[in-house]
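Letter by letter, the chains look like this.
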Amino acid sequence: MKKTTIAGGFLTAGLLGGGVLWGVQNDKIQAEVPGLDAKLTMEEAKSIAEKETQSVVESIELEKNLTGPVYEVDTQDYDVKIDGNSGDIVKKDRDDDDDFEDQNENADVTVTQEEAIAAAQKQVKGTVKDVELDDGHYEIEIRDGNKETDVYVNGSTGEVHVGETDLDD
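Just so it is clear, the model here is predicted, and its values are computed rather than measured. (Residues numbered from 1 in each chain as written. Predicted model: local features only at pLDDT ≥ 70, side-chain atom pairs only at ≥ 80, totals over all residues. Heavy atoms only, no water.)

**Notes on the sheet that holds strand S3 (residues 78-83)**
Rules: In this scheme, strands are said to pair when DSSP sees at least two bridges between them. Each helix is a run of DSSP H or I of at least 4 residues and each strand a run of E of at least 2, with the numbering of both proceeding from the N terminus. With axes taken as lines fitted to C-alpha atoms, and helix axes fitted only over the stretch in contact, angles between N-to-C directions fall between 0 and 180 degrees.
Read across the sheet, eight strands follow the order S4-S3-S2-S1-S5-S6-S7-S8 without closing on themselves; strand pairing throughout is antiparallel. Both edges of this open sheet fall to strand S4 (89-94) and strand S8 (160-167), since each of them pairs with a single strand only. Looking at each pair of strands side by side, their axes are set apart by 20° on average, direction ignored. Across eight bridges, the pairing between strand S6 (residues 137-144) and strand S7 (residues 147-154) is antiparallel. Note on S7: the bridge partner recorded for Tyr138 is Val153.

What follows is the structure, encoded as structure tokens:
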């Protein structure tokens, strides 16, 4: 009985240690992926998504994966992934989850996404990495070097609030 318990303990410890090591290696691999800057601008990716889906873009984010940069674009009707270098549609899925709720939450929005981005960039310099419309407010992530700042823009009034700034190591 004791041999089984001891062997089980070693097996558990080995699995946990291997998982941690794999996680560290996986982060390292992702950090070393070439092509971290997309050739396609966020505005170009937005245009491609709107043309492909015939619906309004609600959020867009530049992600990095093993094949390079990918824009993850959420529209009112679809979730779209666009290759950040070629502009090709990598994936397109119908988004039926919460369309009705999203439309009602954002019904009073009069500020366009472009106006919100311009207002945010007047307050914080850098490159826009993520834009999301949620509960009538734009949440905009701006990166400048190793600083990442969250900026919030009221979708009805255009009022800007600068949020938290994080530093990447």
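Having put the structure on the table, let's press on.
**A word on the nonpolar core**
For clarity, the cut-off: Residues grouped as a nonpolar core are buried Ala, Val, Leu, Ile, Met, Phe, Trp, Tyr and Cys residues, joined through side-chain atoms within 4.5 Å. Relative accessible area decides the class of each residue, using a 1.4 Å probe on protein chains only: under 20% of the type maximum gives buried, over 50% gives exposed, and in between gives partly exposed. Contacts: residue pairs with any heavy atoms within 4.5 Å of one another.
Counting residues in hydrophobic clusters, the biggest one holds 25 residues, and the most contacted among them are Tyr71, Val73, Ile82, Val131, Tyr138 and Ile140. At the level of secondary structure, the elements contributing two or more residues to this core comprise helix H2 (42-53), strand S1 (57-65), strand S2 (68-75), S3, helix H4 (113-123), strand S5 (127-134), S6 and S7. Sequence-distant contacts of Ile82, defined by excluding residues within four places in its chain, comprise Leu40, Ala45, Ile48, Ala49, Pro69, Val70, Tyr71, Val73, Gly87, Asp88, Ile89 and Val90.

**Observations concerning the pairing of S8**
Pairing between S7 and S8: six bridges, direction antiparallel. Bridged to Val153 within S8 is Val160. Counted along the chain from S7 to the antiparallel partner S8, the turn is five residues long, and its residue Gly158 has a positive phi close to 80°.

**What about H2?**
Counted only if it meets this: To estimate the expected span of a helix, subtract one from its residue number and multiply by 1.5 Å. Here the arc refers to the set of directions running from the helix axis out to each C-beta atom.
Its 12 residues give H2 an end-to-end C-alpha distance of 16 Å, which sits within 8% of 16 Å, the value for a rise of 1.5 Å per residue. Looking only at H2, the buried set comprises Met42, Ala45, Lys46, Ala49 and Thr53. For H2, the buried positions fall inside an angular range of 100° around the axis, keeping them on one side. Against S1, S2, S3, S4, H4 and S5 lie the buried residues of H2. Of the residues flanking the end of H2, it is Gln54, one or two places downstream, whose phi is positive at about 55°.

**Points about unusual backbone geometry**
One non-glycine residue, Gln54, adopts positive backbone phi at about 55°. Tracing the sequence through the fold places Gln54 in the loop between H2 and S1. For Gln54, a relative accessible area of 66% gives the class exposed. Positive phi is not limited to glycine here, since Asp135 has a value of about 55°. Tracing the chain through its elements places Asp135 in the loop between S5 and S6.

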